[in-house]
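# Working through the structure, step by step
Here is how the chains run, residue by residue.
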Amino acid sequence: MERGGRVVLRLPAFAAPRGQVTAVIGPNGSGKSTLLAALQLLIKPRRGVLTLDGAPMRDDPLGTRRRTASVFQEALLLSMSVRRNVETALGLHKVPRGERRDRAMRWLQRLGVDGLADRHARELSGGEAQRVSLARAFALEPSLLLLDEPFSALDAPTRTTLIDDFAAIVRETGVTTVLVTHDREEALRLADHVALLIGGTLRQSGPPETVFSAPADPEVAAFVGVENVWPGALRGQAQGVATYAVPGGDVDVVIDGAAAPAALVCVRPEQITLDLPDHDGPPTSARNRLPGRVAAIEPAGALVRLRLALADEGVMVATLTRPSLEALELEVGSALVASFKASAAHAIPHQGASG
Amino acid sequence: MEFLWDGLREAVKLWLSGDPEIIEITLRTLGISIVATTVSLLVGVPIGAALALKSFPGRRPVVALVNTGMGMPPVVVGLVVALILWRSGPLGALELIYTPSAMVLAQFLIAVPLVIGFSMASVQQINPRLLDQIVSLGASRPQFLWLIVREARLGLLAALMAGFGAVISEVGAALMVGGNIAGETRVLTTATALETSRGNFEVAIALGVVLLVLAYVVNLIFTGVQQQRRPA
């Protein structure tokens, strides 16, 4: 796929499973919006075929567009009343005149904006306008729903409630959806399936839990928020658990098949529990316990992010809640023990790693 | 100053008497201007929209040509149309010179660059993402153009007012290709010029005021449409 003469996306294959929400995620410039624009038939791939239910989409562009519905980052409404915006779209999709009004009102109501039906589209707030855009898209009852960062321009409270409503409707209708987003939380919340693009190539796809906890490579790990990525050398393996030596100590990792001799060991910061060294609380199932010291404490939204210095110049990032921070009376320099389960760690086979 | 008041008094008398000649000239003026403006809209709006939406080699010189046309002296248009329609000219066989049709043609040529220019500007102001959204909603080409025109309607009404304003107030070309023939091609502007040159100031004032009132009323109607309250 090219834009401005430059190849921005190379996809050998990409499929959005029917009846599911596929989130296309990736950093800026990863090609995710280009992918969506191609599905919207707004740009033409240089090579390859796009199909909808088995039929090439570009054979009948108008017919294809009338089976899809798009919502963009900004609500793009026509300069007319809210209800007429929906009715006009239904008209373009050849919905009989007599049905348009009821259908428009039904979807406006479903999105909670039926009270604004007679208002002019230009008089709405950002959140209201985006609800109208979504109502218009759902009212078209498309075979394929294409969403380009539809929640990213909204303020946080508006966004949260709209995402909740959207999630409920999308489950209820079972419409096949492709959602482009750079927001990981949004993908986790809404997607059945995640496709991660970086630098114009598909790096990983699968269920969100897999992509987010078992990244395929270090760049994917960095994007999905796996902040601990340590080079590890295999020490041994038994019963589906491999032991890798990483800077800071030995770590047990649950593996699938044979363990690679060298790997990058990944752990999400929120999977790590912190305790004081002399802690004698209830025993935990965490197999991995690494001693360290607090090197830095940084606020991270509702949580606090701790940078820990481990043995052998190892570094670990962990998050914990403010009450936990206060209960443990942690400050820079405090000694502690970081623990996590073998199942919370993931090993990416890696040639360059050495221990 | 005396003759100015006399003129005004005389003008009021003329209107009140319902002078048939004034009524006839007024109706002809309206007719020619409306036809010329309508044709210039039918031709100019699609061209303006196309210039706004499409990029093609040579677009820039075409846009420059339109911008020049917007300021073109009507006398030059009159000269060109007169030369073309002259009995020995390329279209002389049509025998259109000194007819209302010739005036419509000249006025169309004066109005159409204005309509194209204003249409182009108003369509260019539409958010390009909205154009993508309209396409993605499954609009066919005619539906797309209709929705674009609808979105740009405020600007297009400005195009209409500019075009109509130019043709109803124009005198040079009307005189040159119409000939100001009484009962045939005499319009308010040419009649006003004639009466002024004859020293019939009261008639000239009466005609001038009718022209002003006419232009005002028509623009009042357009403005009313343009500034219509949005649905509450």
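Before going into details, it helps to say that this report is about the structure given with it.

Parameters at a glance
- Residues numbered from 1 in each chain as written.
- Chains lettered and ligands numbered in written order.
- Predicted model: local features only at pLDDT ≥ 70, side-chain atom pairs only at ≥ 80, totals over all residues.
- Heavy atoms only, no water.
- Helix = DSSP H or I, 4+ residues; strand = E, 2+ residues; numbered from the N terminus.
- Buried < 20%, exposed > 50% of the residue type's maximum accessible area, 1.4 Å probe, protein only.
- Contact = heavy atoms within 4.5 Å.
- Areas by Shrake-Rupley, 256 points an atom, 1.4 Å probe, with all protein chains shown as cover.
- Lys, Arg positive; Asp, Glu negative; His and termini not counted.
- Charge placed at Lys NZ, Arg CZ, Asp CG, Glu CD.
- Expected span 1.5 Å × (residues − 1).
- Core = buried A, V, L, I, M, F, W, Y, C linked by side-chain atoms within 4.5 Å.
- 1 Å grid on protein atoms, 1.4 Å probe; cavity = no way out; pocket = protein on both sides within 12 Å on 5 of 7 lines; lining within 4 Å.
- Points joined across faces, edges and corners; volume = space filled by probe spheres on them.
- Nonpolar A, V, L, I, M, F, W, Y, C, P; charged D, E, K, R; others polar.
- Pairing = 2+ DSSP bridges.
- Axes fitted to C-alpha atoms, helices over the stretch in contact; angles between N-to-C directions.
- Parallel < 35°, antiparallel > 145°, perpendicular 65-115°, else oblique.
- Left-handed = near helix turned anticlockwise from the far one by under 90°.

### Focus: the overall build of chain B
Along the backbone of chain B there are 11 helices and 0 strands. Along chain B, helices (α) and strands (β) appear in the sequence α-α-α-α-α-α-α-α-α-α-α when read from the amino end. For chain B, the spread of C-alpha atoms along the three principal axes comes to 65 × 55 × 25 Å. Counting all 232 residues of chain B, 44% fall into the buried class. Counted over contacts in chain B with a minimum sequence separation of 6, partners at least 24 positions apart contribute 74%. When the accessible surface of chain B is summed, it comes to about 11900 Å², and 70% of that surface belongs to carbon and sulfur atoms. Taken as two groups, the 15 positive and 13 negative side-chain charges of chain B have centres that lie 19 Å from each other.

### Describing helix α11 (residues 201-226) of chain B
For α11(B), spanning 26 residues, the distance from its first C-alpha to its last is 37 Å, which sits close to the expected 38 Å at 1.5 Å a residue. Among the structural elements, α1 (2-17), α2 (20-53), α8 (153-168) and α10 (188-198) of chain B are those in contact with the buried residues of α11(B).

### Overview of the nonpolar core
Among the nonpolar cores identified, the biggest contains 68 residues, and A:L108, A:L111, A:L134, A:F138, A:L145, A:F166 and B:I134 are the most heavily contacted of them. Contact partners of A:L145, with chain neighbours within four places excluded, come to A:A69, A:A137, A:F138, A:F166, A:V175, A:T176, A:T177 and A:V178.

### A short note on empty space enclosed by the protein
Residues and elements named next belong to chain B. Under the defined criterion, the tally for this structure stands at 1 cavity of 30 Å³ or more. Estimated volume of the largest cavity: approximately 40 Å³. If you trace the largest cavity, you find it lined by T29, I32, S33, Q107, V167, I168, E170, A174, V187 and T189. Looking at the lining of the largest cavity, the elements with two or more residues in it are α2 and α8. In the lining of the largest cavity, the residues fall into 5 nonpolar, 4 polar and 1 charged.

### Some words on the sheet that holds strand β13 (residues 249-254) of chain A
Residues and elements named next belong to chain A. In space, the 5 strands of this open sheet follow the order β13-β12-β11-β14-β20, with antiparallel pairing throughout. The strands lining the two open edges of the sheet, one partner per strand, are β13 and β20 (345-349). Averaged over all neighbouring strand pairs, the angle between strand axes comes to 45 degrees, with direction disregarded. Strand direction decides the pairing type here: strand β14 (residues 262-267) and β20, joined by 5 bridges, are antiparallel. Across the sheet, V265 pairs through a bridge with A347, a residue of β20.

### Things to note about the packing of α10(B) against α11(B)
Residue and element names in this part refer to chain B. Contact geometry for α10 and α11: axes closest at 8 Å, N-to-C directions at 160 degrees. Classified by the angle between their axes, α10 and α11 sit roughly antiparallel to one another. Where α10 crosses over α11, the handedness of that crossing is left-handed. In contact with L188, T189, A191, T192, E195 and T196 of α10, α11 contributes F201, V203, A204, L207, G208, V210, L211 and L214. Here the residues of the contact of α10 with α11 sort into 9 nonpolar, 4 polar and 1 charged.

### What about helix α1 (residues 32-39) of chain A?
Residues and elements named next belong to chain A. The element α1 is largely enclosed, with a buried count of 7 among its 8 residues. Along α1, the residues that are buried comprise K32, T34, L35, L36, A37, A38 and L39. L41 occupies a position one or two residues after α1 and carries a positive phi of about 60 degrees.

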